[in-house]
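An overview of the molecular structure
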Amino acid sequence: MSSTTSIPFKSALLWAVAIIATVAVAGWFAVSCSPGGSQAERPVSEEEAALLAGMREKNHDAAPVALRMSLPVDGETLTVDGYLDWQVPMAYARVPDGEGGFRLVQAVPGLIASRADDEAAFGEVRVPEDGWTTRAMLSGAGTQLETTLDILVSSLFTLTAEQADDPAALAEAATWREEGIIDGESVDSFRAPIMVETDEQAAETAEAAPEALYSLDGEGNLRRFQVNTGAEALSAVDFLREVSFDAAGLVPNDMLGGPRIAPEPVDEDLAETLAELRAENWSASAEVEMAVPVADGQAAIGFGSVDWRSMTAYLHVTDANGQRLLLARPGGFATLAVEDGELPETPPTEGWEVHELAGEDTAERFGAVESLVYRLLEMAAEEGDDEDAIAERASLLRTDGTEDEPVYVVEFPVNGDAEAEPGRSAYRYHVADDRLSEVEMMTYYGVASAELAYEDYPMVPVPAGVEERIG
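Since the model is a prediction, treat every value here as computed from it, not as a measurement.

What follows covers the pairing of strand β14 (residues 285-295). Note that β14 and strand β15 (residues 298-307) share 10 bridges and pair antiparallel. Residue pairing in the sheet places Pro293 in a bridge with Ala299 of β15. Linking two consecutive strands that pair antiparallel, namely β14 and β15, is a turn of 2 residues; a positive phi of about 70° is found at Gly297 within it.

This is the structure in structure tokens:
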């Protein structure tokens, strides 16, 4: 598994293992329904087995490619145009919405994001920055189209590997089906198992691995991929390798993890900055803007402040349940339902629902929003952290911004965080001008974000009845 995957909380390998089990449930009955039938099948030759074995490795190093997908849904075949970057991996497509329009869709292993159509942005191979909501693949699908798209796109993520597959195994498992022409190129089509990296978990599912059709040209480039997604015909993807485009804008949106990461150790200067990061906040306060995916297709939006001088977070939060004010201190948090979309400068004195962290009911009320708020409160300390420990365990994931004004996206342990492989921590931190500018938190439904803008605020007067219980 490459360390450059954009989503650290879900391994592309583990998702590939899960998806082949899902495709296996659909079975392979539809293979005989593929257009045009097939010529007499035969075992593959040694040369053909080697060509198949090198296909996924070839994809791993390939540039992003344009796609045309054919999805059998509700008795008709829908055509979906898109793009795929196996190195992330990430797919980007413009999908019919079933009502005569379209939606933009992005997918990474295990997650899919969608937003209102932007035909101009898609035409420019550009991903709009805002308006996205996320859902879990398969379990979060609400229509046959969504389920079909989830299975097909997830299957595409299995078509890449850092190393070639075993040609001897493919010589036994694969069959040659027919020859043909795709986009003017001669191809040979093969029936072979959906392949994943050979680790213990993948090996356990190898016998149950379903099959797909792979059409390869003479150089081993995959030109068409067909798989059963549960309909009476196969879903298909044509790889339009002759279509040229600028892939610079082909980047996952922030809720899917943002641009590709490539973890590396931090240098001495950055380690020193990270070691002092929380101490710099000890006597500071900041404006906060939050976006937190909380369920399939749902996000909570929050704005307010965090004051590390008094260890107080004070926010207005909007989600599917309405609007509320949120006060948090180290001993607990309190909420108050509101309707006007405003954050009063002075919190109301009455009506708060208080939850002490040690309370029996707190776990039921403590969700992703509260988790991110408490991580913000933890981003201050009276003294600096151990620079040697930071240098040993921190990772630089990528550098955003400009050469003159870089923004370092990093991971480092805070308050005894669990050990994690580089790129797979539950939290990421953006550092600009030697200060913390953003905290990201990985959730089941995507990446939550809290952006910070430092301001000197008067301390929030927490109501006495609330303060007694939350500190």
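From this point, the discussion proceeds with the structure in view.
On to the nonpolar core, then. Judged by nonpolar contacts, the single largest core of 44 residues is most densely connected at Leu274, Met290, Phe412 and Tyr429. Sorting elements by how many residues they give to this core places helix α10 (residues 368-377) first, with 6 residues. Here Met290 is in contact with Ala300, Ile301, Gly302, Leu315, Val369, Leu372, Val373, Ser449 and Ala450, once residues within four sequence places are set aside.

What follows deals with the pairing of strand β11 (residues 222-227). Every other side chain in a regular strand lies on the same face of the sheet, so the side chains alternate between the two faces. Most of β11 sits inside the fold, with 5 of its 6 residues counted as buried. Note: strand β10 (residues 211-217) against β11, 4 bridges, orientation antiparallel. Considered in β11, the bridge of Leu216 is made with Leu222. Where β10 folds back onto β11 in an antiparallel hairpin, the turn is made up of 4 residues, including Gly220, whose phi is positive at roughly 85°. For β11 and strand β12 (residues 235-240), the ladder comprises 4 bridges, and the chain directions are antiparallel. Pairing of Gln226 across the sheet is with Ala236, part of β12.

This next bit is on α10. In terms of burial, α10 is a largely internal element, 8 of the 10 residues being buried. Listing the buried residues of α10 in full gives Val369, Glu370, Leu372, Val373, Tyr374, Arg375, Leu376 and Leu377.

Secondary-structure assignment places Gly446 in strand β24 (residues 446-454). On the basis of relative accessible area, Gly446 is assigned to the buried category, the value being 0%.

The final tally for this structure, using the stated rule, is 10 aromatic pairs. Between Phe366 and Tyr374, the ring centres sit 5.6 Å apart and the planes meet at 40°, which makes this aromatic pair tilted. Among the residues examined, Phe366 registers a relative accessible area of 28% and is labelled partly exposed. Between the aromatic rings of Tyr444 and Tyr445, the centroid separation amounts to 5.0 Å while the plane-to-plane angle is 85°, which identifies the pairing as edge-to-face.

Before going further, it helps to spend a moment on unusual backbone geometry. A negative phi angle is the norm for most residues apart from glycine, just as the trans form is the norm for most peptide bonds. Cis geometry is adopted by the peptide bond preceding Pro89, which originates at Val88 and carries an omega value of -10°. Looking at the secondary structure, you find Pro89 in the loop between β3 (76-85) and β4 (90-96). Although it is not a glycine, Met311 adopts a positive phi angle of roughly 50°. Mapped onto the elements, Met311 comes out in the loop between β15 and β16 (312-319).

Averaged over every residue, the pLDDT of the chain is 89; the share at 70 or more is 89%. Here residues 1-10 is a poorly scored stretch, pLDDT under 50, and it has 45 contacts once near neighbours within four places are set aside; other chains count. Here residues 28-36 is a poorly scored stretch, pLDDT under 50, and it has 27 contacts once near neighbours within four places are set aside; other chains count.

Paired through their backbone hydrogen bonds, the strands of a sheet run either parallel or antiparallel. The antiparallel open sheet is built from 12 strands, whose spatial order is β13-β20-β21-β22-β23-β24-β14-β15-β16-β17-β18-β19. One side of each edge strand has no neighbouring strand; the edge strands of this open sheet are β13 (264-265) and β19 (353-356). Taken together, the 6 bridges between strand β23 (residues 435-443) and β24 define a ladder with antiparallel strand orientation. Across the sheet, Val439 pairs through a bridge with Ala450, a residue of β24. The sheet strands contacting helix α8 (residues 268-281) are β20 (395-401), β21 (406-411), β22 (427-432), β23 and β24, and the helix crosses β23 at an angle near 90°.

Along the chain, the position of Gly257 falls in the loop between β12 and β13. Among the residues examined, Gly257 registers a relative accessible area of 1% and is labelled buried. Along the backbone, Gly257 and Val447 are 190 residues apart, and their C-alpha atoms lie at a distance of 6.0 Å.

One open sheet holds the 12 strands; their spatial order is β1-β8-β9-β10-β11-β12-β2-β3-β4-β5-β6-β7, and the pairing between them is antiparallel. Two strands bound the open sheet, and with one partner strand each, they are β1 (42-43) and β7 (133-136). Across 6 bridges, the pairing between strand β5 (residues 102-108) and strand β6 (residues 111-116) is antiparallel. Its bridge partner being in β6, Leu104 is matched across the sheet by Arg115. Against the sheet, helix α2 (residues 46-53) touches β1, β8 (175-182), β9 (185-193) and β10, its axis set at about 100° to β10. In the packing of helix α5 (residues 144-156) onto the sheet, contacts are made with β2 (65-73), β3, β4, β5, β6, β7, β11 and β12, and the angle to β2 comes to roughly 140°.

Scoring rules and cut-offs
Residues numbered from 1 in each chain as written. Predicted model: local features only at pLDDT ≥ 70, side-chain atom pairs only at ≥ 80, totals over all residues. Heavy atoms only, no water. Pairing = 2+ DSSP bridges. Helix = DSSP H or I, 4+ residues; strand = E, 2+ residues; numbered from the N terminus. Core = buried A, V, L, I, M, F, W, Y, C linked by side-chain atoms within 4.5 Å. Buried < 20%, exposed > 50% of the residue type's maximum accessible area, 1.4 Å probe, protein only. Contact = heavy atoms within 4.5 Å. Phe/Tyr/Trp six-rings, centres within 6.5 Å; stacked < 30°, edge-to-face > 60°. pLDDT = per-residue confidence, 0-100. Axes fitted to C-alpha atoms, helices over the stretch in contact; angles between N-to-C directions.

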